[in-house]
Amino acid sequence: MELGWSTSDLEFREMIRAEISALVPADIRTRVENIQHLKKEDYQRWQTILAERNWATPAWPPEYGGPGWSPLRRIFFEEACFLAGAPRPIPHINMIGPVLQAFGTEAQKERFLPGIPSLTEWWCQGYSEPSSGSDLASLRTAAVRDGDHYIVNGQKTWTSWAHWADYMFCLVRTSDAGRPQEGITFLLIDMSTPGVTVRPIYSLDGAHDLNDVFLQDVRVPVENVVLRENEGWTVAKYLLNAERTEIAGLGQTKRLLQYAERLAAGQRRDGVTLADHPEFRSRLARIRIDLKAHEWTVMRVMAAGHGDASAPSASVLKICGTDLLERTSDLLMDLGGPAALAYDPAVHLGRANGAAPYGHALNGTAATYLEFRKAGIIGGTTEIQKTLIYKDAAARWGTS
Ligand SMILES: Cc1cc2nc3c(=O)[nH]c(=O)nc-3n(C[C@H](O)[C@H](O)[C@H](O)COP(=O)(O)OP(=O)(O)OC[C@H]3O[C@@H](n4cnc5c(N)ncnc54)[C@H](O)[C@@H]3O)c2cc1C
């Protein structure tokens, strides 16, 4: 496997850093650098800027309008975005986009792919249910055929951004025969259909990203099935691998580290700034070394799989990425000390400007710490990833 950086790769890296830095709108950059929440319009504005340059869907192949970058160049692009204070990439672009490209009909591709790059149509993921998270195949939201429609009834939960979404890609039960995985169908649901109700779930920092979605007698056209009825598990697994690779996200950890370094420069202990304090420097170095190792593993896995990690590699990347995110947010809390607890939600959540307790730098440190506890749950918990790795190893080499 060739991972060498050619001169043209290095030129690309310089080019993309300069371009992205010049493109990020100042108001968005300020909010991102202060770890404040962004609005839907911020994400749409940024994606539109990228789409004008054909950079909105870095992982899509050229035949679907992607830039055709190698895995290395995609990492350089992501790095340029985080360094410049750009919004983080919306994960759904690299989940529903590649799913439609791999499994969708020509009509589905024509209808849905154009709305994804600039986020003119927003998607949400309807997998989890109140009693079906880790054990996803036990899901019970039912779709019953009625002529050329399905009638869908059930509840989805933890649905990120459902309140912003135009469409939900959803797993529904269409059969009880055979193994639970064999009766699942992957369905695209228009969120404006009568019978769809979205209710907020507020997280510990007061943010509204998550939702319950109730589906009552929702009529969905049969042509919105992706692949075929009862074959949704194949699609679901393909998408989950993409999701886990996304959650391995290097950019978020790098951004948090950058934020930690800024904080450290402004805090003093034992007569020196924390940035010069041996204990802080040693913890930072440890994280940086592990992050570099993780980055190279991501590149290696992506290069081997032509850009898509598959299980169990996706699970390994997810566990390592989660660990780094959690350790970096631990570091942030320690840096802030007691002052890290001061919190003005209105400023952190982007609902108000102005002074926050102890200035912007520390506002939201505790909220950020609490928020990143989610990393080990979202997209499949750490325990489940470990089980997937074990099962793969046992199948290859036996259990002894
Ligand atoms: C911030 C956030 C955003 C999310 N966004 C979405 C979204 O947009 N769409 C969506 O569909 N879902 C979403 N989810 C849901 C997420 O996928 C589930 O929370 C996750 O799959 C775990 O399921 P659960 O919450 O039901 O926990 P459970 O499955 O009930 O697990 C509870 C605990 O038991 C452990 N456990 C369960 N089974 C086993 C086992 N067999 N072996 C060992 N340990 C086990 C788990 O590791 C966990 O610690 C989101 C979750 C979070 C936190």
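Residues numbered from 1 in each chain as written. Predicted model: local features only at pLDDT ≥ 70, side-chain atom pairs only at ≥ 80, totals over all residues. Heavy atoms only, no water.

1. Thoughts on the environment of R73
Within the element layout of this structure, R73 appears in helix α4 (residues 71–83). Distance in space between the C-alpha atoms of R73 and A162 is 32 Å, their sequence separation being 89 residues. Apart from residues no more than four positions distant in its own chain, R73 is found in contact with S8, D9 and F12. (Helix = DSSP H or I, 4+ residues; strand = E, 2+ residues; numbered from the N terminus. Contact = heavy atoms within 4.5 Å.)

2. Things to note about the side chain of H92
Tracing the backbone shows H92 in the loop between α4 and α5 (96–103). What H92 contacts, discounting residues up to four positions off in sequence, is G97, W122, W123, C124, Q125, S160, W161 and F169.

3. Here's the deal with the domain arrangement of the protein chain
Entries for the protein chain in the domain assignment read domain 1 (7–89), domain 2 (122–231) and domain 3 (248–397). A straight line from the C-alpha centre of domain 1 to that of domain 2 covers 31 Å. Contacts between domain 1 and domain 2 engage seven residues on the former and six residues on the latter. At the boundary of domain 1 with domain 2, total buried surface from both sides reaches about 510 Å², with 66% on carbon and sulfur atoms. Considering only the surface of domain 1 that becomes buried against domain 2, H37, K40 and Y43 emerge as the three largest contributors, covering 81% of it. In this assembly, domain 1 and domain 2 are joined by zero salt bridges. (Domains from an automatic or database assignment. Buried area = accessible area lost by both parts, 1.4 Å probe. Salt bridge = Lys/Arg side-chain N within 4 Å of Asp/Glu carboxyl O.)

4. Here we look at the nonpolar core
In summary, soluble globular proteins display a tendency toward joint burial of nonpolar side chains. V152, F186 and I189 are the most contacted members of the largest nonpolar core, which totals 54 residues. Considering each element in turn, this core owes the most residues, six residues, to strand β4 (residues 167–173). Both domain 1 (7–89) and domain 2 (122–231) contribute no fewer than three residues apiece to this core. Residues W46, I49, W55 and L257 belong to the second largest nonpolar core, which totals 46 residues. (Core = buried A, V, L, I, M, F, W, Y, C linked by side-chain atoms within 4.5 Å. Buried < 20%, exposed > 50% of the residue type's maximum accessible area, 1.4 Å probe, protein only.)

5. With respect to empty space enclosed by the protein
Here the structure, examined in full by the defined rule, presents one cavity of 30 Å³ or more. Computed from the structure, the largest cavity encloses a volume of approximately 40 Å³. Of the residues contributing to the lining of the largest cavity, the split by class is six nonpolar, one polar and one charged. (1 Å grid on protein atoms, 1.4 Å probe; cavity = no way out; pocket = protein on both sides within 12 Å on 5 of 7 lines; lining within 4 Å. Points joined across faces, edges and corners; volume = space filled by probe spheres on them. Nonpolar A, V, L, I, M, F, W, Y, C, P; charged D, E, K, R; others polar.)

6. Regarding the site of the ligand
Around the ligand, a shell composed of 16 residues is seen, among which Q125, S134, W158, T381 and E383 lie nearest. At a separation of 2.8 Å, a nitrogen atom of the ligand approaches a polar side-chain atom of S160. Burial of the ligand by the protein chains amounts to 64% of its free accessible area of 980 Å². Both of domain 2 (122–231) and domain 3 (248–397) provide at least three residues apiece to the shell around the ligand. (Near = heavy atom within 4 Å. Polar contact = N/O pair within 3.5 Å; in protein donor to acceptor, adjacent residues only side chain to side chain. Areas by Shrake-Rupley, 256 points an atom, 1.4 Å probe, with all protein chains shown as cover.)

7. Here's the deal with the layout of surface pockets
There is about 160 Å³ of room inside the second largest pocket. Taken together, R13, E79, F82, L83, K254, Q258, E261, R288, L291, K292 and E295 make up the full set of residues lining the second largest pocket. Taken together, the elements giving at least two residues each to the lining of the second largest pocket come down to α4, α8 (250–265) and α9 (278–304). In terms of residues, the lining of the second largest pocket owes the most to one element, α9, which gives four residues. If you count residues domain by domain, the lining of the second largest pocket takes at least three from each of domain 1 (7–89) and domain 3 (248–397).

8. Re the packing of helix α10 (residues 313–336) against helix α14 (residues 382–397)
Remark: α10 packs on α14, axes separated minimally by 9 Å, with the N-to-C direction vectors making an angle of 145 degrees. Relative to α14, the crossing made by α10 is left-handed. In this structure, α10 contributes S315, V316, K318, I319 and T322 to the contact, and α14 contributes T382, Q385, K386, L388 and I389. Residue composition of the contact of α10 with α14, by class: four nonpolar, four polar and two charged. (Axes fitted to C-alpha atoms, helices over the stretch in contact; angles between N-to-C directions. Left-handed = near helix turned anticlockwise from the far one by under 90°.)

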